[in-house]
Amino acid sequence: MQENPRNIKAQHIRDVIRYIQHFKDATLVIYLDDEVIDSPLFSSHIRDIAIIHQAGIKVCIVPGARKRIDEILSSSNISWEYKDGVRITEEKAMPQIKMAAFDISNIVMTSLAAHQITATIGNWVRARSKGVLEGTDYGTAGEIDRLQTEAIRNTLDNGFIPIFPCIGWNSNGKPYNISSVSLAKEIAINLKAEKLFFVLKNAEINCRNFVIPEQIGLSEFGDIPALNLQELELFLKVNKDCSDKKIISLLNASSEACKKGVERSHILNGSIEGALPCEIFSDLGSGTMVYSSDYGNLRPMELTDIPAVLSVMNPFIAKKILLPRTEQVLSENMADYIVYEIDGGIRACASLHVYDQTQAEIAGIAVDSAFSNLGIGPKLVEYLIARAKKQNLKSVFILTTQTSDWFEHLGFTPDSIESLPQERRSIWTPQRNSKVYRMNLK
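**Student:** Can you help me understand the packing of aromatic side chains in this one?
**Tutor:** Here a ring pair, both rings aromatic, is described through the centre-centre distance and the interplanar angle of the planes. Taken as a whole and assessed by the stated rule, the structure comprises seven aromatic pairs. Taken together, a centroid distance of 5.0 Å and an interplanar angle of 50 degrees make the contact between Trp-124 and Phe-164 tilted. Note that Trp-124 is positioned in the loop between strand S5 (119-121) and strand S6 (125-129) and Phe-164 in the loop between strand S10 (161-163) and strand S11 (167-169), a separation of 40 residues in sequence. For Trp-124, a relative accessible area of 7% puts it in the buried group.

Encoded structure:
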């Protein structure tokens, strides 16, 4: 039996409302790669940014301009080269670089105006020359010195969207070409932004393009939905020779941002319509999130969680994987239950029922199907085993009809019905014929 589509739709609406409330007055920094700006989906992304802004979320935009700079320099017969991803040109190229950077920013500003959104292009970035490094003169390339953070905040508080060209000026007004990715990262850090987005064409972090350590959970499509900083470090280590240097550089930028106070950084595929609102207003989103703060956490169940817990359980009850529970049963045994919460939404549950102070049953394990590949189930079991050990229990057991392989993989071994405590054995039925698996703790 499949879950009622209306129930699924209702849950999606609840999630959107919850996230709108959660991120109201939050600050987002969005890097838009110039290939996305040149794509047919650009107008759709701008519409989504307008909707996000109108929902009461503060937005900063950093447009990439590499492609446009290439075009203008080529048309002016000005040569350049790249070293470690940095453009090197002579001083005479700077007027053309500025022209290209402001052209792209104007495209973004004009597109927002079509949605009645007021944006402004400012010179909030102080820069210094990158100089000469290991014998290489980086010419017009600059490094970010500081940001006029207070002026940026005032712009946001007045309801405008600030747009940042990839140009910074020194104290004497001399311009330098700076990295848009680095600029987006530094803006997010300085503003203590809740979210930093890197939106670029065909950006996918999945098992088809990268080596994925087995500790990292995947979505049903083989993508990585989320990485904490420890998982990211492991991912970068096993992909150190990866050919996709751009994604690796964005992951490194995301890591630095999160270590310096940005709550979450996201890498999104700009070739997918609606990528931004899907990432902001849903638990799994549409891209890959890097985070340092708690994203998903285990905690004891509360009385107000019970309707959500039943919603998670019901598909498993319909498939006869779980026995039916009622609100009253959950309420009476509330102290036995734990939940797994993601941004305020209940996505999994489980319970530990103690018998005769020597053994306990792990029961009622249910994980929302959309999150089933993220390793939440083993975390629930591990947490309850640790709870049983703290109570000095000798063993934990489970009864199952359809998930014996899963429990064996977690270290449980078959046992007999006779091994169950009398209280539990009395409600076992041959009609259901559940199998017993046990794990000794001592």
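Let us keep going from here.
**Student:** Just checking my understanding: could you explain the side chain of Arg-387 for this structure?
**Tutor:** Turning to its location among the elements, Arg-387 is positioned in helix H13 (residues 376-390). For the buried Arg-387, no salt bridge is present, and the opposite-charge side chain at shortest range is Asp-336, 5.9 Å distant. In this view, Arg-387 contacts Ala-335, Asp-336, Ile-338 and Leu-352; residues no more than four positions away in its chain are not counted.

**Student:** Before we go on, may I ask you to explain the pairing of strand S18 (residues 337-342) in this structure?
**Tutor:** The side chains of a regular strand alternate between both faces of the sheet. For S18, the tally of buried residues reaches six of six residues, placing the bulk of the element in the interior. Taking every second residue as pointing to the same face, both faces of S18 are buried, with Tyr-337, Val-339 and Glu-341 on one and Ile-338, Tyr-340 and Ile-342 on the other. Pairing geometry for strand S17 (residues 296-300) and S18, over five bridges, is antiparallel. Residue pairing in the sheet places Gly-296 in a bridge with Ile-342 of S18. Both S18 and strand S19 (residues 345-355) contribute to a ladder of six bridges, which runs antiparallel. When the bridges of S19 are listed, Val-339 appears paired with Cys-349. Hairpin connection from S18 to S19: two residues lie between these consecutive antiparallel strands, with Asp-343 at a positive phi of about 50 degrees.

**Student:** Can you walk me through the side chain of Asn-170 in this structure?
**Tutor:** In this fold, Asn-170 is placed in the loop between S11 and strand S12 (175-177). Within the structure, Asn-170 has its side chain in polar contact with the backbone nitrogen of Lys-174 (distance 2.8 Å). Apart from the residues lying within four places of it in its own chain, the contact partners of Asn-170 are Ala-127 and Tyr-176.

**Student:** Could you clarify how one ought to interpret the sheet that holds strand S23 (residues 435-440) in this entry?
**Tutor:** Two pairing modes exist for strands in a sheet, parallel and antiparallel, and in both the strands are linked by backbone hydrogen bonds. With mixed pairing, the seven strands of this open sheet are ordered in space as S17-S18-S19-S20-S21-S23-S22. If you trace the sheet from one side to the other, it starts and ends with S17 and strand S22 (413-415), each paired once. Within the sheet, the average angular offset between the axes of one strand and its neighbour, ignoring direction, is 30 degrees. Pairing between S22 and S23: three bridges, direction antiparallel. By the bridge assignment for S23, Pro-414 is matched with Tyr-437. Relative to the sheet, helix H11 (residues 306-318) contacts S18, S19 and strand S20 (359-367), its axis offset from that of S19 by approximately 80 degrees.

**Student:** Help me out: how do you make sense of helix H7 (residues 180-191) in this one?
**Tutor:** Note on helix geometry: an α-helix contains 3.6 residues per turn, so any two residues three or four positions apart are oriented the same way. With 12 residues, H7 extends 16 Å between its outermost C-alpha atoms, agreeing within 8% with the 16 Å of an ideal straight helix rising 1.5 Å per residue. When you tally the buried positions in H7, you get nine out of 12 residues, the bulk of the element. Within H7 the residues assigned to the buried category are Ser-180, Val-181, Leu-183, Ala-184, Lys-185, Ile-187, Ala-188, Ile-189 and Leu-191. At the N-terminal end of H7, a side-chain oxygen is found 3.4 Å from the backbone nitrogen of Val-181, two or three residues along, and the residue is Ser-179. Of the residues trailing H7, Lys-192 is marked for its positive phi of about 55 degrees.

Criteria and cut-off values
- Residues numbered from 1 in each chain as written.
- Predicted model: local features only at pLDDT ≥ 70, side-chain atom pairs only at ≥ 80, totals over all residues.
- Heavy atoms only, no water.
- Phe/Tyr/Trp six-rings, centres within 6.5 Å; stacked < 30°, edge-to-face > 60°.
- Helix = DSSP H or I, 4+ residues; strand = E, 2+ residues; numbered from the N terminus.
- Buried < 20%, exposed > 50% of the residue type's maximum accessible area, 1.4 Å probe, protein only.
- Lys, Arg positive; Asp, Glu negative; His and termini not counted.
- Salt bridge = Lys/Arg side-chain N within 4 Å of Asp/Glu carboxyl O.
- Contact = heavy atoms within 4.5 Å.
- Pairing = 2+ DSSP bridges.
- Polar contact = N/O pair within 3.5 Å; in protein donor to acceptor, adjacent residues only side chain to side chain.
- Axes fitted to C-alpha atoms, helices over the stretch in contact; angles between N-to-C directions.
- Expected span 1.5 Å × (residues − 1).

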